[in-house]
Amino acid sequence: MSATAIPPQPTEPQSRVLRAAFRAFAGIEKVGNKLPNPFWLFWILAGVVAVLSAVLAAAGVSAVHPGTDETIKVENLLSRDGITMAVEGAVDNFAAFPPLATILTVMFGIAVAEKSGLFSALLRRMVARVPGKYLTFALSMTAMVSHVAGDAAYVTLIPLGALVFRAAGRSPVLGCIVAYVSISAGYDASPSLTTTDVLLSGISTAAAHTIDADYVVTPVANYFFGLASSVLVALVITLVVDKVLARRRDLEPDESVAALNADEREAIEVTEQQRRALRVTGLVALGFIAFLVAAMIPSSSPLRGEHGGIVDSSLIGGMALVLGLFFAVLGTVYGRMTGTFSASRDIIAAMVDGTRSMAPILVLFFAISQFLAYFKWTNIGDILAVKGAETLRDLDMSGWTVLVGVAVLITFMNLVITSGSALWALAAPVIVPMLMLIGIEPETTQAVYRVADSVTNCVTPMSPYFVMALGFIQQHKKSAGIGTLASFTIPIAAVVWIVWVAFFVAWYLLGIPFGIS
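Residues numbered from 1 in each chain as written. Predicted model: local features only at pLDDT ≥ 70, side-chain atom pairs only at ≥ 80, totals over all residues. Heavy atoms only, no water.

## Overview of the overall build of the chain
Per the secondary structure count, the chain includes 23 helices and two strands. Accessible surface computed for the chain: about 23,600 Å², of which carbon and sulfur atoms make up 64%. (Helix = DSSP H or I, 4+ residues; strand = E, 2+ residues; numbered from the N terminus. Areas by Shrake-Rupley, 256 points an atom, 1.4 Å probe, with all protein chains shown as cover.)

## Considerations on the nonpolar core
In terms of nonpolar packing, the biggest core is built from 154 residues, with Tyr180, Ile368, Leu435, Ile492 and Trp500 touching the most fellow members. If near-sequence neighbours (up to four positions away) are discounted, Leu435 is found in contact with Leu392, Val402, Leu403, Val406, Ile440 and Thr445. (Core = buried A, V, L, I, M, F, W, Y, C linked by side-chain atoms within 4.5 Å. Buried < 20%, exposed > 50% of the residue type's maximum accessible area, 1.4 Å probe, protein only. Contact = heavy atoms within 4.5 Å.)

## Structural notes on the packing of aromatic side chains
Within this structure, the stated rule accounts for 22 aromatic pairs. Each ring, one from Phe39 and one from Trp40, has its centre 4.9 Å from the other, and the planes form 80 degrees; the classification is edge-to-face. Residue classification places Trp40 among the exposed positions, given a relative accessible area of 52%. Note on Phe225 and Phe504: the rings are 5.9 Å apart at their centroids and 80 degrees apart in plane angle, and the pair reads as edge-to-face. Remark: Phe504 occurs in helix H23 (residues 482-510) and Phe225 occurs in helix H11 (residues 223-243); sequence separation between them is 279 residues. On the basis of relative accessible area, Phe504 is assigned to the buried category, the value being 2%. Aromatic ring contacts, followed pair by pair, group Phe225, Phe503, Phe504, Trp507, Tyr508 and Phe514 into a single cluster. (Phe/Tyr/Trp six-rings, centres within 6.5 Å; stacked < 30°, edge-to-face > 60°.)

## Details of a nonpolar patch on the surface
Together, Trp40, Ile44, Val48 and Leu52 make up an exposed nonpolar region whose accessible area comes to about 400 Å². Inspection of the secondary structure puts Ile44 in helix H2 (residues 38-59). (Patch = residues over 30% accessible without salt bridge, like charges linked within 9 Å, V, L, I, M, F, W, Y side chains within 5 Å. Salt bridge = Lys/Arg side-chain N within 4 Å of Asp/Glu carboxyl O.)

## Points about the side chain of Thr194
On the secondary structure map, Thr194 appears in the loop between helix H9 (172-185) and helix H10 (195-208). Polar contacts involving the side chain of Thr194 include one to the main-chain amide nitrogen of Thr196, which spans 3.2 Å. If near-sequence neighbours (up to four positions away) are discounted, Thr194 is found in contact with His147 and Val148. (Polar contact = N/O pair within 3.5 Å; in protein donor to acceptor, adjacent residues only side chain to side chain.)

## Considerations on the packing of helix H7 (residues 135-146) against H9
At a closest axis distance of 8 Å, the pairing of H7 and H9 adopts a crossing angle of 40 degrees. Crossing hand, H7 versus H9: right-handed. The segment H7 lies against H9, with Thr136, Leu139, Ser140, Ala143, Met144 and Ser146 engaging Gly175, Val178, Ala179, Ser182 and Ile183. Split by residue class, the contact of H7 with H9 holds six nonpolar, five polar and no charged. (Axes fitted to C-alpha atoms, helices over the stretch in contact; angles between N-to-C directions. Left-handed = near helix turned anticlockwise from the far one by under 90°. Nonpolar A, V, L, I, M, F, W, Y, C, P; charged D, E, K, R; others polar.)

## Observations concerning the pattern of salt bridges
Inspection of every chain in the model, using the stated rule, returns five salt bridges. The salt bridge involving Arg356 is made with Asp353; its shortest N-O contact spans 2.5 Å. One end of the pair, Arg356, and the other, Asp353, are both in helix H16 (residues 344-357), three residues apart, so they sit about a helical turn from each other. Under the relative-accessibility criterion, Asp353 is labelled partly exposed at 30%. Where salt bridges share partners, they join Glu272, Arg275 and Arg279 into one cluster.

## Comments concerning the side chain of His147
Structurally, His147 can be placed in the loop between H7 and helix H8 (152-167). What makes His147 buried here is its relative accessible area of 2%. Those residues within four positions of His147 in sequence are excluded, and the remaining contacts are Ser182, Ile183, Gly186, Tyr187, Ala189, Ser190 and Thr194.

## A few points about the packing of H7 against H11
Orientation of H7 relative to H11, taken along the N-to-C sense of each, is 145 degrees, at an axis distance of 9 Å. The hand of the H7/H11 crossing is right-handed. Of H11, the residues touching H7 (which contributes Thr136, Phe137, Ser140, Met141 and Met144) are Ser230, Val231, Val233, Ala234, Leu235, Ile237, Thr238, Val241 and Asp242. Of the residues that constitute the contact of H7 with H11, the class distribution is nine nonpolar, four polar and one charged.

## Some points on H7
Across its twelve residues, H7 extends 16 Å between first and last C-alpha, which sits within 8% of the 16 Å expected from 1.5 Å per residue. The buried fraction of H7 is high, at eleven of twelve residues. When we look at burial in H7, the residues that qualify are Leu135, Thr136, Ala138, Leu139, Ser140, Met141, Thr142, Ala143, Met144, Val145 and Ser146. Where H7 is buried, its residues meet helix H6 (118-127), H8, H9 and H11. (Expected span 1.5 Å × (residues − 1).)

## Observations regarding the environment of Phe42
Topologically, Phe42 is positioned in helix H2. On the basis of relative accessible area, Phe42 is assigned to the buried category, the value being 2%. Taking the C-alpha atoms as reference points, Phe42 and Ala367, separated by 325 residues in sequence, lie 6.0 Å from one another. Excluding its chain neighbours within four sequence positions, the residues that come into contact with Phe42 are Leu364, Ala367, Ile368, Phe371, Ala422, Ala425 and Leu426.

## Quick word on unusual backbone geometry
A positive phi angle, near 70 degrees, is found at Asn379, a position not held by glycine. Mapped onto the secondary structure, Asn379 falls in the loop between helix H17 (359-378) and helix H18 (380-395).

## Some details on the confidence of the model for the chain
Across the chain, the average pLDDT comes to 82, with 87% of residues at 70 or higher. Looking across the chain, the model is least confident in helix H1 (residues 16-34), with a mean pLDDT of 59, and most confident in H11, with 94. Predicted confidence for residues 1-12 stays below pLDDT 50, and this span has seven contacts to residues more than four positions away or in other chains. (pLDDT = per-residue confidence, 0-100.)

Structural data, given as structure tokens:
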């Protein structure tokens, strides 16, 4: 009986920089694995806030609000009033959590579009039969579009990337890497609005209320920047991959690249019925958008805001409903034309499935909402913001240097806390009001957060999608390991971070609006 073959282990890279990076990532993974689930992490932080509030209140810590000249004192969460607030306000804290209802409203529509097969067909259509010299950019740009599908993009696009690269006679390993890096490193960049826009804007609005109770960060507050960033990031990834990484000798899969069989080709190709459905769905999308534009033209339109305003219009304020309805309509049209939806009950079932997939986020939201309520009630965040703003003014730092500093801080935090909503919920209550006090708008702070929160997603072993991507790669190259994947993602992430942050700084210094705010 023959012995079982043991696949060779990936060799350690010769680059001293990469070896040091791998050791650092191993340390991050070790520390990160010891952290509790984000749900428990926020409860632990709530306990820390409670104890800290008692200590600071006893010490008489306070600050003077620069806008109202009101003295802000730390409130003791462990006092009778604090405990009453925590117990009696738990339900209200959860119900009033800004992203809760908005994210669910959008997800109803996105679930319909996803279950209908619209997203899968659209992604396949975007990369099928693309000329070889444009394939990397096409796949990367498709990943930017796929952000609207949320985490489902990883499951759909990574294996699809391997197939389309293989069909073009290129390494399927590289196809997996391009798809994975484009989805993760550019996660907060998209040519269309996504659930991330709704989620982050809700948290930013709540944080901004510390300084201005009427301030609203809209879901389209970063749209212009996100649209431009999606093209920029796709171009940078394309250049790094095609000019550098594609020349590596360790890209060859275990088996030579062969022509696709019938089943594999079917997984890429879009049928005539699906193409026809996509064309009709595209026309419906254009018609939907044209209707909204036409409805906004009259100054007396009910969709406009007070005195005929657009920024304060019900259309912008109700963007969550508009997005949810948009995707629900497109999904219904596509599903009806392809037979995915045969009756109205199928649409309801799709919404139910989409809501079920949101269960882990809803559980996390409960913990986050309580932590934020405690943090706000104690006034610790307000005082930190005031003191931090005073320190920044004393240092006389220019706005762009402060924002780059925020980018560096968030980048390192994201290596351990990989959930974008959890990290922003933790950072926004201090960073947003602090920068507002030195004249930096919440929309700008949120934009730089999105850059820093995205790039390191593709390198941290704490991300579950890092392991997923590695699994897809190992289907083609069994000897690949964490070091193999990291040796590809680290160079890409480093270049994307530098270029994207520089792009942000240029955008900020030129005074270009980040979106509609």
